[in-house]
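# Observations on the three-dimensional arrangement
Listed below, chain by chain, are the residues.
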Amino acid sequence: MLENLCTLPLSAELFAQALHPSEPLLGVGLATGHVQCFRLPTPGASAEDNAPVGLLSDGKSTIDTTWRTRRHKGSCRSLVFSHDGSSLYSAGTDSLIKHFSPATGQVISKIAVPTSKSVPDSPTLLRALSPQTLLLACDSGVLHLLDLRDGALAAEKPQQSHFPHDDFVSSLTPLPPSAESTSGFSKQWISTGGTTLAVTDLRRGVLVRSEDQEDELLCSTFIAGMGPKKHRDNGVVAVGTGSGVLTLWDKGFWDDQFDRVVVDSGRGGGESLDCIVQIPDHLSRDKKVAIGLGDGSLRIVNLAKREVEVSLRHDDLEAVVDVGFDCQGRMISGGGQTIKIWEESAAPASDGGDSDEGSDDDDDDDDDDDDDDSGDALPQKNNGKRQAKNGSDLDDSDSDDGQKRKKKRRKGKGGKVDLGPRGAHGILKFKGLD
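The residue numbering used here restarts from 1 in each chain and proceeds along that chain's sequence as written. For a predicted model such as this one, the threshold for reporting local features is a pLDDT of at least 70, and the threshold for listing and counting side-chain atom pairs is 80 or more; totals across whole chains, interfaces and linings nevertheless cover every residue. No hydrogens and no water enter the side-chain calculation; it runs on all heavy atoms of the structure.

With that settled, the discussion passes to the pattern of salt bridges. Each salt bridge in this description consists of a side-chain nitrogen of Lys or Arg and a carboxyl oxygen of Asp or Glu lying within 4 Å of one another. Within this structure, the stated rule accounts for ten salt bridges. For the salt bridge of lysine 288 with glutamate 309, the shortest nitrogen-to-oxygen distance reads 2.8 Å. Taken together, the residues span a long stretch of sequence, with lysine 288 in strand β24 (residues 288–293) and glutamate 309 in strand β26 (residues 307–313) at a distance of 21 residues. In this description a helix means any DSSP run of H or I spanning at least four residues, a strand means any run of E spanning at least two, and both kinds are numbered starting from the N terminus.

With a phi angle near 55 degrees, glutamate 214 is a residue other than glycine that sits in the positive phi range. Phi is positive for arginine 306, which is not a glycine, with a value near 60 degrees. As for its position among the elements, arginine 306 is in the loop between β25 (297–302) and β26. The buried label applies to any residue whose accessible area, calculated with a 1.4 Å probe on protein chains only, is under 20% of its type's maximum; exposed applies above 50%, and partly exposed to all values in between. You can call arginine 306 partly exposed: its relative accessible area is 29%.

Right, let's talk about the packing of aromatic side chains for a bit. By convention, a stacked pair of Phe, Tyr or Trp rings (six-membered ring in the case of Trp) has centres within 6.5 Å and planes under 30 degrees apart, an edge-to-face pair has planes over 60 apart, and any other such pair is tilted. Inspection of every chain in the model, using the stated rule, returns one aromatic pair. Measuring from ring centre to ring centre gives 5.7 Å for tryptophan 67 and phenylalanine 100, while their planes differ by 90 degrees; the resulting arrangement is edge-to-face. Placement of the pair is tryptophan 67 in strand β5 (residues 64–70) and phenylalanine 100 in strand β8 (residues 96–100), with a sequence separation of 33 residues. For the pair tryptophan 67 and phenylalanine 100, one class covers both residues: buried. Put simply, a charge is over a ring when the Lys NZ or the Arg CZ is close to the ring centre, within 6 Å, and near the line of the ring normal, within 35 degrees. Across the ring face of phenylalanine 100, the terminal group of arginine 71 is positioned such that the distance to the ring centre comes to 4.5 Å.

Right, let's talk about the confidence of the model for the protein for a bit. Residue-level confidence of the predictor is what pLDDT reports, using numbers from 0 through 100. Looking at the protein, pLDDT values average 81 and 75% of them are 70 or higher. For residues 348–417, every residue scores under 50 in pLDDT, and the model assigns this stretch 40 contacts once sequence neighbours within four places are set aside. By definition in these notes, contact holds between two residues if any of their heavy atoms fall within 4.5 Å.

Among the seven residues of strand β12 (residues 143–149), six are classified as buried, and the element is accordingly described as predominantly covered. Strand pairing is assigned whenever DSSP identifies at least 2 bridges connecting the two strands. As paired strands, strand β11 (residues 133–138) and β12 are joined by five bridges and run antiparallel to one another. Following the sheet pairing, leucine 134 is matched in β12 by leucine 146. The turn linking β11 back onto β12 is made up of four residues, and glycine 141 within it adopts a positive phi angle of 100 degrees.

Another aspect to go through is the nonpolar core. In plain words, nonpolar cores are sets of buried Ala, Val, Leu, Ile, Met, Phe, Trp, Tyr and Cys residues tied together by side-chain atoms within 4.5 Å. Among the nonpolar cores identified, the biggest contains 16 residues, and Leu246, Ile276, Val289, Ile291, Val301 and Leu303 are the most heavily contacted of them. Listing elements by their share of this core, those giving two or more residues are β19 (217–223), β20 (236–241), β21 (245–250), β23 (273–278) and β24. Counting residues per element, this core draws most heavily on β24, which supplies three residues. Not counting the four nearest positions on each side in its chain, leucine 303 is found in contact with Ile223, Met226, Leu246, Leu248, Lys287, Lys288 and Val289.

And the structure:
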């Protein structure tokens with residue numbers, strides 16, 4: 001179960017957020033054009049290391065602002081780290097793309113958003129495909145491939161430009177590289193726009209476009225290690241829609257979805273699924289995703305069971321703009337003027353801790369009986385609750401207790417036994433002995 005560790009207020013409405021791949025750094029892009037970088041506390045760090053301790057350790061940790069600057073004259077629409085985290089890229093409504101240092105915020109290079117019209121084309125999304133290629137999607141629906149040289153924006157003219165959708169591109173998800181790949185980086189990616197899904201190749205352009213889904217496709221993520229029958233290891237793409245339904249697509253079969261999960265339902269359709277991220281495998285046994293909704297809530301969906309497991313609340317009014325996991329395994333959600341940090345709550349002391357709740361008094365009585373009968377040998381296979389029942393035959397020191405135990409023995413042989421609220425698999429509960 002995830003619990004909210006802290007809430008970080010922002011000075012303006014959040015438009016974009018980015019998480020460093022290997023350091024606890026969080027970048028945010030705001031409606032005012034400001035870009036700000038925070039350093040999150042490191043769990044388990046000691047004071048001797050001069051590093052902030054975990055958020056749950058003593059409550060004294062702080063989130064520090066590394067730097068803050070007004071990066072764009074309009075709003076900052078997208079923000080993304082490079083693969084190794086050495087560079088940070090932003091795109092704003094001023095039709096500029098800027099490359100700067102995550103450590104200092106100093107601009108290293110910048111270019112204007114490519115356009116073939118006299119009117120500037122505002123950017124919508126940035127994605128780092130590889131150390132050599134940056135993907136840029138714009139309002140007009142065009143998808144540009146920008147050339148990078150040592151992380152810097154090398155030229156204003158894009159390598160290639162494609163139109164995978166008739167509407168603006170709402171999400172970009174790189175597909176894993178093939179087994180024959182020598183670079184280890186993806187050369188194909190999934191995009192959603194309007195009511196269609198498309199697959200584009202770095203060299204061959206748009207490969208396939210799906211059928212009209214009659215529902216707006218808003219977000220996507222790739223899930224490795226699962227798929228339909230006969231293709232379990234193929235991988236699937238989970239796509240969030242505007243009606244609250246999560247659709248599943250088998251990799252390589254892009255004509256149509258093969259399954260769907262209702263995440264939010266309503267008379268006129270559920271809340272929109274605006275952002276999605278896979279929960280890391282080391283944090284969950286099953287394949288799960290975290291989804292941010294238009295009503296400010298978060299849902300944890302188990303893809304193996306096809307069901308919603310947990311519902312969380314980020315904001316009461318504003319939609320969740322983005323959700324992700326940092327290098328420490330903490331979930332970061334952003335929307336409105338707040339960032340929230342979530343972490344898996346501490347596990348109970350034992351697996352049966354919850355199931356034994358409400359029967360502590362019975363356990364205490366059993367322990368007392370065991371102590372009184374400690375000198376009598378009992379079979380090892382009997383547990384505490386059986387020992388209490390059998391041990392009552394051996395203690396005749398108190399006549400009143402003896403009468404009660406005789407009644408208990410008779411009930412055990414043939415009378416009706418009042419099983420506790422957990423039935424035959426719980427602790428036996430006898431009337432009058434509470």
